[in-house]
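# Working through the structure, step by step
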Amino acid sequence: MSALVRPRNGRMIAGVCAGLADRFGMSAMTMRVIFVLSCLLPGPQFLVYLALWVLLPSEKSAGYAV
């Protein structure tokens, strides 16, 4: 399993679903479908998504030296 980060490639909105999919070895589309289906159930799914958007670091880009 890789680190939990929002990837630079494969993002649709913020990269949260793509990052979770990479972390757990799933396809990003499967994770997006699971998220959309979970939004049909009562609960704070959208708030958790927003929190992960803010809290998860973005993947460092290769090729840029700081």
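Report follows, based on the coordinates. Worth saying up front: this structure is predicted, and the values here are computed from it rather than measured.

### Here's the deal with the packing of helix α1 (residues 16-24) against helix α2 (residues 28-38)
The interhelical angle for the contact between α1 and α2, taken along N-to-C directions, is 120 degrees, at an axis separation of 8 Å. Of the possible angle classes, the one that applies to α1 and α2 is oblique. Our pair here, α1 against α2, has a crossing hand that is right-handed. Here α1 contributes Cys17, Ala18, Leu20 and Ala21 to the contact with α2, which in turn contributes Ala28, Met31, Arg32 and Phe35. Of the residues contributing to the contact of α1 with α2, the split by class is seven nonpolar, no polar and one charged.

### With respect to the nonpolar core
With seven residues, the main nonpolar core is built from Ala14, Val16, Cys17, Leu20, Ala21, Met31 and Tyr49. Counting residues per element, this core draws most heavily on α1, at four residues. Discounting residues that sit within four places of it in the chain, Ala14 has contacts with Arg6, Tyr49 and Trp53.

### Details of the packing of aromatic side chains
What the rule picks out here adds up to two aromatic pairs. Their ring planes at 35 degrees and their centres at 5.2 Å tell us that Phe35 and Tyr49 sit as a pair that is tilted. Taken together, the positions of Phe35 in helix α2 and Tyr49 in helix α3 (residues 45-55) put the pair 14 residues apart, joining distant regions of the chain. Tyr49 gets classed as buried once you look at its relative accessible area, which sits at 11%. Ring geometry for Tyr49 against Trp53: centres 6.4 Å apart, planes inclined by 70 degrees, an arrangement best described as edge-to-face.

What counts as what
Residues numbered from 1 in each chain as written. Predicted model: local features only at pLDDT ≥ 70, side-chain atom pairs only at ≥ 80, totals over all residues. Heavy atoms only, no water. Axes fitted to C-alpha atoms, helices over the stretch in contact; angles between N-to-C directions. Helix = DSSP H or I, 4+ residues; strand = E, 2+ residues; numbered from the N terminus. Parallel < 35°, antiparallel > 145°, perpendicular 65-115°, else oblique. Left-handed = near helix turned anticlockwise from the far one by under 90°. Contact = heavy atoms within 4.5 Å. Nonpolar A, V, L, I, M, F, W, Y, C, P; charged D, E, K, R; others polar. Core = buried A, V, L, I, M, F, W, Y, C linked by side-chain atoms within 4.5 Å. Buried < 20%, exposed > 50% of the residue type's maximum accessible area, 1.4 Å probe, protein only. Phe/Tyr/Trp six-rings, centres within 6.5 Å; stacked < 30°, edge-to-face > 60°.

Treat this as a map of the structure, not an account of what it does.
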